[in-house]
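# Results of the structural survey
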Amino acid sequence: ISKRINYRTGIAKGYMHLADFYVNRNSTDSALFYYDNARNIFKALDNARGVVFVNSSVADIERGSGNFVKAIEMLNQNLVLIKENEKNPIAISKFSGAQYNNLATRYMNKGDYRIAVIEALKALDLFSEIDEEIRKADVLKLLGDLEYDLENYEKSIQYYDAAIETYTKYNDDFYLAYAKSAA
């Protein structure tokens, strides 16, 4: 329908959703093809948010391929895009927090635990600023994992307990189980 009425944003979103479909089917080449098409349209439309969403997804594919440096580079590019283009302060915190959270995870995957903690703390600050409790709990769980990997077991337990408290408050049983199994 978007193609028929030449609704370019709809076409870009359609490509992005097709890419997501191919990611779920483990067809990385097809996913990257559609993400690239979506990114090109979003760039032509000067739609930074669209580019950020595409880049986040492609960074996850890069992570899955072991290309941690490329994934980190893309997430840092997203932070620049957000800073230069986003006007809404809440959106800036939400989108930047997500990028820092993803950076922390990528650095953890890479084995750079201390850098990962720094990035996770940035995400925690941003999510705390805008009172995103569930997202904050996700970062607390990640910090628990990182502190465990750094052999700071007491600190790890404190982070896990804080995440568990939030997941319990919101009846988020899936992530509650995940946090409890880590603790």
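Throughout what follows, the structure given in this document is the object of discussion. (Residues numbered from 1 in each chain as written. Predicted model: local features only at pLDDT ≥ 70, side-chain atom pairs only at ≥ 80, totals over all residues. Heavy atoms only, no water.)

### Quick notes on helix H1 (residues 8-24)
Along its 17 residues, H1 runs 25 Å from first to last C-alpha, staying within 8% of the 24 Å computed at 1.5 Å per residue. Contacts made by the buried residues of H1 are with helix H2 (28-44) and helix H3 (48-64). Immediately downstream of H1, the backbone of Asn26 shows phi near 60 degrees, a positive value. (Helix = DSSP H or I, 4+ residues; strand = E, 2+ residues; numbered from the N terminus. Expected span 1.5 Å × (residues − 1). Contact = heavy atoms within 4.5 Å.)

### A word on the nonpolar core
Counting 46 residues, the largest nonpolar core has Tyr35, Leu143 and Leu146 as the members making the most contacts within it. Residue contributions to this core peak at seven residues, all from helix H6 (residues 113-129). Non-local contacts of Leu146, meaning those with residues more than four positions away in its chain, are made with Met108, Tyr113, Ala116, Val117 and Ala120. (Core = buried A, V, L, I, M, F, W, Y, C linked by side-chain atoms within 4.5 Å. Buried < 20%, exposed > 50% of the residue type's maximum accessible area, 1.4 Å probe, protein only.)

### Digging into the layout of surface pockets
In this structure, the largest pocket encloses a volume near 300 Å³. In terms of lining, the largest pocket is formed by Asn101, Thr105, Met108, Arg135, Asp138, Val139, Lys141, Leu142, Asp145, Tyr167, Tyr175 and Tyr178. Counting only elements with at least two residues in the lining of the largest pocket, the list comes to helix H5 (89-110), helix H7 (133-149) and helix H9 (173-182). The element best represented in the lining of the largest pocket is H7, accounting for six residues. Its residues assigned to classes, the lining of the largest pocket shows six nonpolar, two polar and four charged. (1 Å grid on protein atoms, 1.4 Å probe; cavity = no way out; pocket = protein on both sides within 12 Å on 5 of 7 lines; lining within 4 Å. Points joined across faces, edges and corners; volume = space filled by probe spheres on them. Nonpolar A, V, L, I, M, F, W, Y, C, P; charged D, E, K, R; others polar.)

### Here we look at the pattern of salt bridges
Pairing is possible between side chains that carry opposite charge, provided their charged atoms lie close to one another. Evaluation of the coordinates by the stated rule reveals 10 salt bridges. Residue Asp36 is joined to Arg39 by a salt bridge in which the shortest nitrogen-to-oxygen separation is 3.4 Å. Of the two residues, Asp36 and Arg39 are both situated in helix H2; the distance of three residues between them amounts to about one turn of the helix. The partly exposed category is assigned to Asp36, whose relative accessible area is 36%. The class of Arg39 is buried, set by a relative accessible area of 13%. With its nearest N and O atoms 3.4 Å apart, the salt bridge here joins Lys94 to Glu132. (Salt bridge = Lys/Arg side-chain N within 4 Å of Asp/Glu carboxyl O.)

### Looking at the environment of Asn40
Within the secondary structure layout, Asn40 lies in helix H2. According to the relative accessible area criterion, Asn40 is partly exposed, its value standing at 42%.

### Let's talk about the packing of aromatic side chains
Taken as a whole and judged by the stated rule, the model has nine aromatic pairs. Seen from their ring centres, Tyr22 and Tyr34 are 5.6 Å apart, and the 5 degrees between their planes marks the pair as stacked. Taken together, the positions of Tyr22 in helix H1 and Tyr34 in helix H2 put the pair 12 residues apart, joining distant regions of the chain. According to the relative accessible area criterion, Tyr22 is partly exposed, its value standing at 22%. In this structure Tyr34 comes out as buried when scored by relative accessible area, which is 19%. Relative to Phe95, the ring of Phe53 lies with its centre 5.8 Å away and its plane at 85 degrees, an arrangement referred to as edge-to-face. Taken as a pair, Phe53 in helix H3 and Phe95 in helix H5 lie far apart in primary sequence, 42 residues in all. Judged by its relative accessible area of 42%, Phe53 falls in the partly exposed class. Through successive ring pairs, a cluster of aromatic residues spans Tyr15, Phe21, Tyr22, Phe33 and Tyr34. (Phe/Tyr/Trp six-rings, centres within 6.5 Å; stacked < 30°, edge-to-face > 60°.)

### Details of unusual backbone geometry
At Asn26, a position not held by glycine, the phi torsion is positive, near 60 degrees. Examined against the element boundaries, Asn26 turns out to sit in the loop between H1 and H2. Asn26 sits in the exposed class, given a relative accessible area of 69%. The backbone of Glu151 shows a phi angle near 65 degrees, a positive value even though the residue is not glycine. For Glu151, the location among the structural elements is in the loop between H7 and helix H8 (153-169).

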